[in-house]
Amino acid sequence: MAAASSSDSDSGRAESNEASSKWLDAHYDPMANIHTFSACLALADLHGDGEYKLVVGDLGPGGQHPRLKVLKGPTVLTESPLPALPAAAATFLMEQHEPRTPALALASGPCVYVYKNLRPYFKFSLPQLPPNPLEQDLWNQAKEDRIDPLTLKEMLEGIREKAEVPLSVQSLRFLQLELSEMEAFVSQHKSKSIKRQTVITTMTTLKKNLADEDAVSCLVLGTENKELLVLDPEAFTILTKMSLPSVPVFLEVSGQFDVEFRLAAACRNGNIYILRRDSTRPKYCIELSAQPVGLVRVHKVLVVGSTQESLHGFTHKGKKLWTVQMPAAILTMNLLEQCSRGLQAVMAGLANGEVRIYHDKALLNVIRTPDAVTSLCFGRYGREDNTLIMTTRGGGLIIKILKRTAVFVEAGGEVGPPPAQAMKLSVPRKTRLYVDQTLREREAGTAMHRAFQTDLYLLRLRTARAYVQALESSLNPVSVTAREPLKLHAVVQGLGPTFKLTLHLQNTSAARPILGLLVCFLYNEVLYALPRAFFKVPLLVPGLSYPLETFVESLSDKGISDIIKVLVLREGQSAPLLSAHINMPVSEGLAAA
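Residues numbered from 1 in each chain as written. Predicted model: local features only at pLDDT ≥ 70, side-chain atom pairs only at ≥ 80, totals over all residues. Heavy atoms only, no water.

An unreviewed UniProt entry lists the chain under the name BBSome complex member BBS1, from Enhydra lutris kenyoni. Annotation of the chain in UniProt includes, under Subunit (unreviewed entry), the sentence "Part of BBSome complex, that contains BBS1, BBS2, BBS4, BBS5, BBS7, BBS8/TTC8, BBS9 and BBIP10. Interacts with the C-terminus of RAB3IP. Interacts with CCDC28B and ALDOB. Interacts with PKD1." (UniProt positions renumbered as here; feature names shortened; annotations may be inferred.)

Here's what the structure looks like:
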């Protein structure tokens, strides 16, 4: 009777825990034999039938036999071998043509393999790097039998220790050989040219010119050569190249490539670098006290997981917002986005078998798993909108579905002041320099305050002058006068040499229409030609956005671009009401020709 009552209580406790949980256990297979990490998981409607599949870049057991797997539900739909270990997987739209089926990009070694309808479509290879000239000269001497293999090894080891340009794979493989194998290796490879190839370390996607969910996206690659490459989604050419002080391992992007974007790269030197559209070098740097293990962007906050078992929140300018301590080491991180409720949160898989979900520093939910989770992915799977997919350290697969009645409440977080508030600060002793500085401030306090006030007034004066100058010259896309309340923004479409330029002009007044406006374009006539550089604007009804279209012909074949100024004027007045500067893209049609 006692045993029966204990078993009934255990089963009742399990049922109550399941009832109070926010997740439904859809599938658990501890023997799924999937070994991967979060960057190699992607969810997409690969066939355009509304059925979302899971794409897995599988490392294989022990890093052997990597494979590309596509899962439909709990079963493997297709499986194909990979030539090298996968670094990242992503799905993106390449073009606007129907049917709108996304392509699959898989980064592996120095290549990106693109699949459409699960069939190989394109292979992009990173451009080869120039070899070390000293290394090239040594192999040329070996080709002419002017040096023996032992001398070649000694000189290559000297180059490896001192040279800034790393050795090629051929030389590194030669240095690992025994003395008896060197001569045969040199005889076999001395006639081959030296090739130095970098590899891809991370990959993500960036919207091309629209922020819509089904808009065309570019691929952003991070390489072992400390570079970031942005690829064109159709021609797979390099649109822009950015340099970093270290090798990137995690990437987060926001914005559109043709308009404005920010790119955050967590690197192996323990720093996070922020880059913008017009910068080829980092604009901001976030220095971490430990190595990053994950990077997730939640709205405008960069959430970083570190090896010190903590989560940190930063702004895009590097200001630290908060820190949360974890009970165990962080193994993986990813974004949880519940579109129906407008929720974005961070998922962190810990070494103690927990998956913690945080909104900022507030703990929303804790999921306990039978094994440590090494990869996370949340999104639409099959026909369920909110599905959480996890793989474990032992190769298991866990699928959970968020209940439609589930609501994440921030009350699960830590209550009260943070633990750091109770820690005593070790206040340093007063030094002689501190005492002298205190006496100086006490004696010359009035003069120091006057100097500070003078500089403050000068700063306010210069700010006011700059603001007045901007208003007088109408150097802003929004009108500040009450008589002509207008708003202007421009969109450039096309690859070139002919671009379509659309101006969206809106009357923001409550009830008064506006009539008698003119639009004028100022541009470099050597680079561009406009058939309509000056035209009248029709009557603007309040609240409506009027698209005004014209075409721009690029005349230069040197791959350069310039700024086109748009001025909105009132008839009979020379001062513009408002203006906009349009950064024209490079004409890809002329560049290709």
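Having put the structure on the table, let's press on.
### Regarding the overall build of the chain
For the chain, the count of helices and strands is eight helices and 36 strands. Its C-alpha atoms put the chain at 90 × 85 × 75 Å along the principal axes. Of all 593 residues assigned to the chain, the portion counted as buried reaches 42%. Once local pairs closer than 6 in sequence are excluded, the contacts in the chain between residues at least 24 apart make up 49%. Total accessible area computed for the chain in this model is approximately 32200 Å², and 53% of it derives from carbon and sulfur atoms. (Helix = DSSP H or I, 4+ residues; strand = E, 2+ residues; numbered from the N terminus. Buried < 20%, exposed > 50% of the residue type's maximum accessible area, 1.4 Å probe, protein only. Contact = heavy atoms within 4.5 Å. Areas by Shrake-Rupley, 256 points an atom, 1.4 Å probe, with all protein chains shown as cover.)

### A word on a nonpolar patch on the surface
There is a patch of nonpolar side chains on the surface, built from Leu 515, Leu 539, Val 541 and Leu 544 and spanning about 350 Å² of accessible area. Locating Val 541 in the fold gives a position in the loop between strand E33 (534-537) and strand E34 (545-554). (Patch = residues over 30% accessible without salt bridge, like charges linked within 9 Å, V, L, I, M, F, W, Y side chains within 5 Å. Salt bridge = Lys/Arg side-chain N within 4 Å of Asp/Glu carboxyl O.)

### Details of the domain arrangement of the chain
Entries for the chain in the domain assignment read domain 1 (83-129 + 197-287), domain 2 (133-190) and domain 3 (478-583). On a C-alpha basis, the centres of domain 1 and domain 2 stand 34 Å from each other. (Domains from an automatic or database assignment.)

### Quick look at the packing of helix H2 (residues 133-143) against helix H3 (residues 149-162)
Running from N to C, H2 and H3 point in directions that differ by 175°, and their axes come no closer than 10 Å. Judged on the interaxial angle alone, H3 and H2 are roughly antiparallel. Here H2 contributes Leu 134, Glu 135, Leu 138, Trp 139 and Ala 142 to the contact with H3, which in turn contributes Leu 152, Met 155, Leu 156 and Ile 159. Here the contact of H2 with H3 is composed, by residue class, of eight nonpolar, no polar and one charged. (Axes fitted to C-alpha atoms, helices over the stretch in contact; angles between N-to-C directions. Parallel < 35°, antiparallel > 145°, perpendicular 65-115°, else oblique. Nonpolar A, V, L, I, M, F, W, Y, C, P; charged D, E, K, R; others polar.)

### Overview of the sheet that holds strand E27 (residues 384-392)
In space, the four strands of this open sheet follow the order E1-E28-E27-E26, with antiparallel pairing throughout. Each edge of the open sheet carries a strand with a single partner, namely strand E1 (23-29) and strand E26 (373-381). Geometrically, the sheet is characterised by an average inter-axis angle of 20° between neighbouring strands, direction not taken into account. Looking at chain direction, E27 and strand E28 (residues 397-402) are connected through five bridges and run antiparallel. Paired with Met 390 across the two strands is Ile 398, which belongs to E28. (Pairing = 2+ DSSP bridges.)

### Description of the packing of aromatic side chains
A full pass over the atoms with the stated rule returns five aromatic pairs. Note on Trp 23 and Phe 408: the rings are 6.4 Å apart at their centroids and 50° apart in plane angle, and the pair reads as tilted. With Trp 23 in strand E1 and Phe 408 in the loop between E28 and helix H6 (432-443), the pair connects residues that are 385 residues apart, well separated along the chain. Judged by its relative accessible area of 4%, Trp 23 falls in the buried class. With a centroid separation of 4.7 Å and an interplanar angle of 15°, the aromatic rings of Phe 122 and Phe 236 are classed as stacked. In this pair, Phe 122 sits in strand E9 (residues 119-125) while Phe 236 sits in the loop between strand E12 (227-231) and strand E13 (238-243), placing the two residues 114 residues apart along the sequence. The exposure class of Phe 236 is buried, given its relative accessible area of 5%. Put simply, the rings of Trp 23, Phe 378 and Phe 408 pair up and form one aromatic cluster. (Phe/Tyr/Trp six-rings, centres within 6.5 Å; stacked < 30°, edge-to-face > 60°.)

### Points about the pattern of salt bridges
Pairs may arise between side chains of opposite charge once their charged atoms sit close together. Using the criterion set out here, one finds 16 salt bridges in the structure. A salt bridge links Glu 79 to Arg 67; its shortest N-O distance comes to 2.7 Å. Note that Glu 79 is positioned in strand E5 (residues 75-81) and Arg 67 in strand E4 (residues 67-72), a separation of twelve residues in sequence. Lys 116 is paired through a salt bridge with Glu 95; the nearest N and O atoms lie 3.3 Å apart. Of this pair, Lys 116 sits in strand E8 (residues 111-116) while Glu 95 sits in the loop between strand E6 (86-92) and strand E7 (103-108), and the two are 21 residues apart along the sequence. On the accessibility criterion, Glu 95 (26% relative accessible area) is partly exposed. Through salt bridges with shared partners, one network takes in Glu 354, Arg 356 and Arg 368.

### Focus: the UniProt feature "domain: Bardet-Biedl syndrome 1 protein GAE" (unreviewed entry) in the chain
Under the local residue numbering, the UniProt record ascribes the feature "domain: Bardet-Biedl syndrome 1 protein GAE" (unreviewed entry) to residues 486-588. Between the end C-alpha atoms of residues 486-588 the distance is 34 Å, and the span holds 1% helix and 52% strand.

### Let's talk about the side chain of Lys 400
By the element assignment, Lys 400 lies in strand E28. In terms of polar contacts, Lys 400 uses its side chain to reach the side chain of Asp 25, at 2.3 Å. Aside from chain neighbours lying at most four places away, what touches Lys 400 is Trp 23, Leu 24, Asp 25, Ala 26, Ile 367, Asn 386, Thr 387, Leu 388 and Met 390. (Polar contact = N/O pair within 3.5 Å; in protein donor to acceptor, adjacent residues only side chain to side chain.)

### What about the confidence of the model for the chain?
Summary statistics for the chain give a mean pLDDT of 83 and a share of 91% for residues scoring 70 or more. For the chain, the element scoring lowest by mean pLDDT is helix H1 (residues 2-20), at 44; strand E20 (residues 310-314) scores highest, at 91. Below a pLDDT of 50 lies the segment residues 1-16, which in the model reaches zero contacts outside its immediate sequence neighbourhood of four places, other chains included. Confidence drops under a pLDDT of 50 for residues 411-415, and excluding neighbours within four residues, the segment shows three contacts in the predicted structure. (pLDDT = per-residue confidence, 0-100.)

### So, the nonpolar core
Most often, soluble globular proteins keep nonpolar side chains buried together rather than apart. Core analysis: the biggest nonpolar cluster contains 27 residues, and Val 519 and Phe 521 have the highest contact counts within it. For this core, the elements supplying multiple residues, two or more each, are strand E29 (486-493), strand E30 (498-507), strand E31 (517-522), E33, E34, strand E35 (563-570) and strand E36 (578-583). Among the elements that make up this core, the one with the highest residue count is E30 (four residues). Among the nonpolar cores identified, the runner-up in size contains 19 residues, and Ala 88, Ala 105, Phe 124 and Ile 200 belong to it. (Core = buried A, V, L, I, M, F, W, Y, C linked by side-chain atoms within 4.5 Å.)

### Observations regarding unusual backbone geometry
The backbone of His 65 shows a phi angle near 60°, a positive value even though the residue is not glycine. In this structure His 65 comes out as exposed when scored by relative accessible area, which is 65%. The phi dihedral of Asp 360 is positive, around 55°, even though this residue is not glycine. Mapped onto the fold, Asp 360 is located in the loop between strand E24 (354-359) and strand E25 (362-368). On the basis of relative accessibility, which here comes to 37%, the residue Asp 360 falls in the partly exposed class.

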